[in-house]
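# Examination of the molecular architecture
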Amino acid sequence: MASAEAQPRFGQSVKGLLADKVGSCSGDVIALTRQVLKGSRSQELLGQAARNMVIQEDAILHSEDSLRKMSIITTHLQYQQEAIQKNVEHSKNLQDQLRHLLK
């Protein structure tokens, strides 16, 4: 009868081990699923980062173009300022000449 009592204990211990193993495998499957989801989320984030980088690159190129245009405008404004200064000096000379003539 000792073997008859040992049989249920052995069966219960095998069932217990099997239940533990199934629980462990379930935990591993859950962990694997989480990793896959994290990887999927990482891919989404990388894709979004790439799209944002393209948008930023376009903005940078547009800004560079605007700066180039502003540089050209600044150069033209400097030429105009120099021309105005020359005209002001010339008008002062003309005013001085008129004063001398009217004296």
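The written sequence of each chain sets the order in which its residues are numbered from 1. For this predicted model, a pLDDT threshold of at least 70 governs which residues receive local features, and a threshold of 80 or more governs which side-chain atom pairs are given and counted, while totals over whole chains, interfaces and linings are taken from all residues. To obtain the side-chain values, all non-hydrogen atoms of the structure were used and water was disregarded.

## Here we look at the overall build of the protein
Keep this limit in mind: Going along the chain from the N terminus, every DSSP run of H or I of four or more residues is numbered as a helix, and every run of E of two or more is numbered as a strand. Exposed residues in this analysis have more than 50% of their type's maximum accessible area, buried residues have under 20%, and partly exposed residues fall in between, with area computed by a 1.4 Å probe over protein chains only. Throughout, the Shrake-Rupley method with a 1.4 Å probe supplies accessible areas, and for residues the shown protein chains are the sole cover considered.
What the protein contains, in helices and strands, is one helix and zero strands. For the protein, the residues scored as buried account for 0% of the 103 residues in total. Accessible surface, the protein as shown: approximately 9600 Å² in total, 62% of it carbon and sulfur.

## Details of the pattern of salt bridges
To keep things clear, this is the line we draw: Salt bridge, as used here: a side-chain nitrogen of Lys or Arg that lies within 4 Å of a carboxyl oxygen of Asp or Glu.
This structure, assessed with the given rule, holds five salt bridges. For D65, the salt bridge identified is with K69, shortest N-O distance 3.3 Å. Taken together, the positions of D65 and K69, both in helix α1 (residues 2-102) and four residues apart, correspond to about one turn of that helix. The shortest N-O distance in the salt bridge between D96 and R99 comes to 3.1 Å. Residue D96 and its partner R99 are both found in helix α1; the two are separated by three residues, about one turn of the helix. Of the residues examined, R99 reaches a relative accessible area of 48% and is grouped as partly exposed. The network of salt bridges with common partners includes E64, D65, R68 and K69.

## What to know about a nonpolar patch on the surface
Operational definition: Patches here are clusters of residues that have more than 30% relative accessible area and form no salt bridge, with a 9 Å joining cutoff for like charges and a 5 Å cutoff for nonpolar side chains (Val, Leu, Ile, Met, Phe, Trp, Tyr).
A cluster of nonpolar side chains, contributed by L98, L101 and L102, occupies part of the molecular surface with about 390 Å² of accessible area. Position of L101 relative to the elements: it lies in helix α1. For L101, a relative accessible area of 70% gives the class exposed.

By themselves these figures say nothing about function.
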